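This is what each chain is made of:
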Amino acid sequence: MTHRLYYDDAYLTQFTATVLDCRPERDGWAARLNRSAFYPTSGGQPYDTGVLGGARVLDVWVDQAGEVWHLTEAPLEAGAQVEGRIDWPRRFDHMQQHAGEHMLAGVIWRRLGGRTIGLHLGDSFSTIDVELPGGQMRVEPQVLAELEERVNAQIQADLPIRCYFPTPQQLAQAPLRKPPTVREHIRLVQVGDVECVACGGTHPASSGQIGLVKILDARPSRGKMRVSFVCGMRALRDYQQKFLSAQAAAALLSTGVEELPKAVEHALERLHQAQRELKRAQLDRALDRAAQLTQEAAALPGGGRAVSCVLAGLDRDGLREVAGYLTGQGVAALLAGEEGPGAPLVFAAPAQLGLSMGQLLSQVLKPLGGKGGGRPDFAQGAGPGRAALEAAMAQLSGAEAAGEVVP
């Protein structure tokens, strides 16, 4: 069975080994060695990359027999001695994330009684799923801040991290946070006296090398609380990116970073006020236009008159108000807020005309891929504005109607 050198020394980056087997696999070759420092995907931690015998290592995994396999871009000769070199920045990043996860999970356990179910180390951030007492799936922001402060205080204490295979007596006496998931070859990771759990991953020698843990998010997920976080250099890069973004946003609003939330709030208030004023102006213009449209309404074969019109920029509320004015003048209204797809549509008619606007809108939109319906006197929906109006007017009058756009 492959001797896993990373168990002996997580900082080992170069080694020599004998190729025991090599066979075609996927888009490369699978090589098995007598010993290896490459970490295979397991326990939520991704595999190591690097170079083996001059060939890039693309994947590393463990088969059911416990053998470690390396997917390489070129074949390796069975029986040959090869040199392996680990991609150290990737390895150390995973060491920081994994150890940080242990410490964060330990703090969550002690502060909230939360039991960590799973770990996923992603390319940009990592997540753990936590089962909280009483089925809770959220905690208050101040609680997250407290958890963050606690774990970072432990990191700054630079506690020793010990990774070892315990004797039965040591295992029985270990202050485990949760029981091991395996019965054989149990390996413990212990961080000072604040955390102890069974784990086969790679970790730094002390908590200080984790650098920093930053919680990014905590939200419900499949009945648990999913906590997203970054550690070490990832946390630094996250801060750098967000600080630069905050600086750029503050400069656009001519304020300091510390005043940015208030400046954004004021800017949004001004924007919403401007939007309300624009909406009112568009509606007033459309209502002024509606008076003229009443005079230009097309006569219907069965009696009565109808207006078919695109009132660009009006939402459904605005269209309803214009339709109310038109029907009050005894005119049926076929209105759309835009020319193209997804336009809000309102069809309305005075009761005395005996028209079924709900049925008309439904029939018109069905072949056009839109949706809508309603009562005989009023219906609403969404679809291709111009096409829907032309089809509806054709059904009412028996002739195509071009309609009119009011910008």
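For the structure, see preceding data.
The present account deals with the structure reproduced in this document. (Residues numbered from 1 in each chain as written. Predicted model: local features only at pLDDT ≥ 70, side-chain atom pairs only at ≥ 80, totals over all residues. Heavy atoms only, no water.)

**Here we look at the pairing of strand S18 (residues 331-336)**
Inference 1: Of all the six residues making up S18, six are buried; the element is thus mostly covered by neighbouring parts of the structure.
Inference 2: Alternating residues of S18 divide into Val331, Ala333 and Leu335 and Ala332, Leu334 and Ala336, and every residue in both groups is buried.
Inference 3: Sheet analysis places strand S17 (residues 305-311) next to S18, joined by six bridges and oriented parallel. The residue of S18 that forms the bridge with alanine 306 is alanine 332. (Buried < 20%, exposed > 50% of the residue type's maximum accessible area, 1.4 Å probe, protein only. Helix = DSSP H or I, 4+ residues; strand = E, 2+ residues; numbered from the N terminus. Pairing = 2+ DSSP bridges.)

**A short note on the sheet that holds strand S5 (residues 50-52)**
Inference 1: Taken in spatial order, the six strands of this closed barrel run S2-S3-S7-S6-S5-S8, and their pairing is antiparallel. Along the sheet, successive strands turn relative to each other by an average axial angle of 45 degrees, direction set aside.
Inference 2: Across six bridges, strand S2 (residues 14-25) lies against strand S3 (residues 28-33) in antiparallel orientation. Looking across to S3, one finds that valine 19 is bridged to leucine 33. (Axes fitted to C-alpha atoms, helices over the stretch in contact; angles between N-to-C directions.)

**Some words on the side chain of histidine 70**
Inference 1: Take histidine 70: it is sitting in strand S7 (residues 68-72).
Inference 2: In this structure histidine 70 comes out as buried when scored by relative accessible area, which is 0%.
Inference 3: At 2.7 Å, the side chain of histidine 70 and the side chain of serine 36 are in polar contact.
Inference 4: Beyond its immediate chain neighbours, meaning those up to four positions away, histidine 70 contacts Trp29, Ala30, Ala31, Leu33, Ser36, Phe38, Leu52, Asp59, Val60 and Trp61. (Polar contact = N/O pair within 3.5 Å; in protein donor to acceptor, adjacent residues only side chain to side chain. Contact = heavy atoms within 4.5 Å.)

**Observations concerning the environment of tryptophan 61**
Inference 1: Its place among the elements puts tryptophan 61 in strand S6 (residues 55-62).
Inference 2: Considering only alpha carbons, one finds tryptophan 61 and aspartate 129, 68 residues apart in sequence, at a separation of 24 Å.
Inference 3: If near-sequence neighbours (up to four positions away) are discounted, tryptophan 61 is found in contact with Glu25, Arg26, Ala30, Pro40, Glu67, Val68, Trp69, His70 and Leu71.

**What about helix H6 (residues 260-296)?**
Inference 1: Look at H6: 53 Å from first C-alpha to last across 37 residues, which is about the 54 Å you get at 1.5 Å a residue.
Inference 2: Approximately 25 degrees is the largest bend angle found in H6, and it occurs at alanine 290.
Inference 3: For H6, the full list of buried residues reads Leu260, Ala263, Leu283, Ala286, Leu287, Arg289, Ala290, Leu293 and Thr294. (Expected span 1.5 Å × (residues − 1). Bend = angle between axes of the 7 residues up to and from the residue.)

**Some details on the pattern of salt bridges**
Inference 1: For the structure shown, the criterion picks out 21 salt bridges.
Inference 2: Glutamate 195 serves as the salt-bridge partner of arginine 177, at 2.6 Å between the closest nitrogen and oxygen. Of this pair, arginine 177 sits in the loop between helix H4 (168-173) and strand S12 (188-191) while glutamate 195 is found in strand S13 (residues 195-198), placing the two residues 18 residues apart along the sequence.
Inference 3: The residue aspartate 315 makes a salt bridge to lysine 279 at a minimum N-O spacing of 2.8 Å. Here aspartate 315, found in the loop between S17 and helix H7 (316-328), pairs with lysine 279, found in helix H6; they are 36 residues apart in sequence, far enough to count as distant.
Inference 4: Using a relative accessible area of 30% as the deciding quantity, one classes aspartate 315 as partly exposed.
Inference 5: Through salt bridges with shared partners, a single network forms among Arg110, Arg177 and Glu195. (Salt bridge = Lys/Arg side-chain N within 4 Å of Asp/Glu carboxyl O.)

**Observations concerning unusual backbone geometry**
Inference 1: Notably, aspartate 158 is not glycine yet its phi reads approximately 50 degrees, a positive angle.
Inference 2: By the secondary structure assignment, aspartate 158 is in the loop between helix H3 (141-156) and strand S11 (161-164).
Inference 3: One non-glycine residue, arginine 222, adopts positive backbone phi at about 50 degrees.
Inference 4: The exposure class assigned to arginine 222 is exposed, which follows from its relative accessible area of 80%.

**Quick notes on the environment of proline 141**
Inference 1: Within the fold, proline 141 resides in helix H3.
Inference 2: Along the backbone, proline 141 and glycine 232 are 91 residues apart, and their C-alpha atoms lie at a distance of 22 Å.

**Some remarks on the sheet that holds S13**
Inference 1: Read from one edge of the open sheet, three strands run S11-S12-S13, paired in antiparallel fashion. Looking at the sheet topology across the chains shown, the edges are occupied by S11 and S13. Taken over all neighbouring pairs, the strand axes of this sheet differ in orientation by 10 degrees on average, direction set aside.
Inference 2: For S12 and S13, the ladder comprises four bridges, and the chain directions are antiparallel. Within S13, the residue paired with valine 189 across the bridge is valine 197.
Inference 3: Sitting on the sheet, helix H2 (residues 88-112) is in contact with S11, S12 and S13, with an inclination near 115 degrees to S13.

**Thoughts on the packing of aromatic side chains**
Inference 1: Counted under the stated rule, the structure contains seven aromatic pairs.
Inference 2: Where tyrosine 7 meets phenylalanine 165, the ring centres are 5.2 Å apart and the plane angle is 85 degrees; that geometry is what we call edge-to-face. On the criterion of sequence distance, the pair formed by tyrosine 7 in helix H1 (residues 5-8) and phenylalanine 165 in the loop between S11 and H4 is long-range, its members being 158 residues apart.
Inference 3: Residue phenylalanine 165 is classed as partly exposed on the basis of its relative accessible area of 43%. (Phe/Tyr/Trp six-rings, centres within 6.5 Å; stacked < 30°, edge-to-face > 60°.)

**Considerations on the nonpolar core**
Soluble globular proteins tend to pack their nonpolar side chains together in the buried interior.
Inference 1: Counting 31 residues, the largest nonpolar core has Leu104, Ile108, Ile128, Leu147 and Val227 as its most contacted members.
Inference 2: At the level of elements, H2, strand S9 (115-121), strand S10 (126-131), H3, S12, strand S14 (213-221) and strand S15 (224-231) are the ones that each hand at least two residues to this core.
Inference 3: Top element by residues in this core is H2. It accounts for six residues.
Inference 4: If we skip the residues at most four places from it in the chain, valine 227 touches Leu104, Ile108, Ser126, Thr127, Ile128, Val130, Ile215, Asp217 and Ala218. (Core = buried A, V, L, I, M, F, W, Y, C linked by side-chain atoms within 4.5 Å.)

These values are about where atoms sit, not about what they do.
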